[in-house]
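Report on the structure
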Amino acid sequence: MEQRADGITLSHNVGSAAEVDAAVERMRGAGGSIRKPPQAAAFGGYHGRVADPNGVVWEVAFNPGWSVDAEGRVRMVPVE
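What comes next concerns the included structure. Predicted model, so just to flag it, every value in this text is computed and none were measured. (Residues numbered from 1 in each chain as written. Predicted model: local features only at pLDDT ≥ 70, side-chain atom pairs only at ≥ 80, totals over all residues. Heavy atoms only, no water.)

All right, on to the overall build of the protein chain then. Within the protein chain one finds one helix and six strands. From first element to last, N terminus to C terminus, the protein chain shows the α and β order β-α-β-β-β-β-β. For the protein chain, buried positions account for 26% of its 80 residues. Sequence separation of 24 or more characterises 38% of the internal contacts of the protein chain that already satisfy a separation of 6 or more. When the accessible surface of the protein chain is summed, it comes to about 5,300 Å², and 55% of that surface belongs to carbon and sulfur atoms. (Helix = DSSP H or I, 4+ residues; strand = E, 2+ residues; numbered from the N terminus. Buried < 20%, exposed > 50% of the residue type's maximum accessible area, 1.4 Å probe, protein only. Contact = heavy atoms within 4.5 Å. Areas by Shrake-Rupley, 256 points an atom, 1.4 Å probe, with all protein chains shown as cover.)

For the rest of this paragraph, the subject is the sheet that holds strand β3 (residues 46-51). In space, the four strands of this open sheet follow the order β1-β4-β3-β2, with mixed pairing throughout. Here the strands that pair on one side only, and so sit at the sheet edges, are β1 (9-13) and β2 (33-40). Along the sheet, successive strands turn relative to each other by an average axial angle of 15 degrees, direction set aside. Packing of helix α1 (residues 17-29) onto the sheet brings it into contact with β2, β3 and β4 (57-62), and relative to β4 it is tilted by some 160 degrees. (Pairing = 2+ DSSP bridges. Axes fitted to C-alpha atoms, helices over the stretch in contact; angles between N-to-C directions.)

When charged atoms on two side chains of opposite charge get close, those side chains can pair. A complete count under the given rule lists four salt bridges for this structure. When the shortest N-O distance is used, the salt bridge between Arg-28 and Glu-25 registers 2.4 Å. Taken together, the positions of Arg-28 and Glu-25, both in helix α1 and three residues apart, correspond to about one turn of that helix. Assessed through its relative accessible area of 40%, Arg-28 is described here as partly exposed. By relative accessible area, Glu-25 is classed as partly exposed at 41%. Ionic pairing is found between Arg-75 and Asp-69, a salt bridge with its closest N-O pair at 3.2 Å. Within the structure, one salt-bridge network assembled from shared partners comprises Asp-69, Glu-71, Arg-73 and Arg-75. (Salt bridge = Lys/Arg side-chain N within 4 Å of Asp/Glu carboxyl O.)

For the rest of this paragraph, the subject is a nonpolar patch on the surface. Among the surface-exposed residues, Ile-8, Leu-10 and Val-56 lie close enough to one another that they form a single nonpolar patch of about 260 Å² accessible area. Relative to the helices and strands, Leu-10 resides in strand β1. (Patch = residues over 30% accessible without salt bridge, like charges linked within 9 Å, V, L, I, M, F, W, Y side chains within 5 Å.)

So, about the side chain of Lys-36. Summarising the element assignment, Lys-36 is placed in strand β2. Within the local environment of Lys-36, its side chain forms a polar contact with the side chain of His-47, the two groups lying 3.2 Å apart. (Polar contact = N/O pair within 3.5 Å; in protein donor to acceptor, adjacent residues only side chain to side chain.)

By themselves these figures say nothing about function.
Given below as structure tokens:
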């Protein structure tokens with residue numbers, strides 16, 4: 001069941017929808033509780049939310065419109 005994200009939500013961005021699925025499953029397996037199952041997002045990507053055992057909510061997301069280079073800089077990618 002999806003729950004609203006209140007307060008602060010941390011985000012972990014990954015390189016594909018499959019990586020979102022894998023990260024959410026690893027987090028669930030480590031004691032997290034799924035707040036929003038992985039799914040298509042309004043921004044054109046894919047994401048899900050998991051609360052860790054301390055109650056901190058993490059969004060795991062893939063956005064095809066941008067990437068992070070080796071130096072950690074965000075790069076906008078034209079979406080056609």
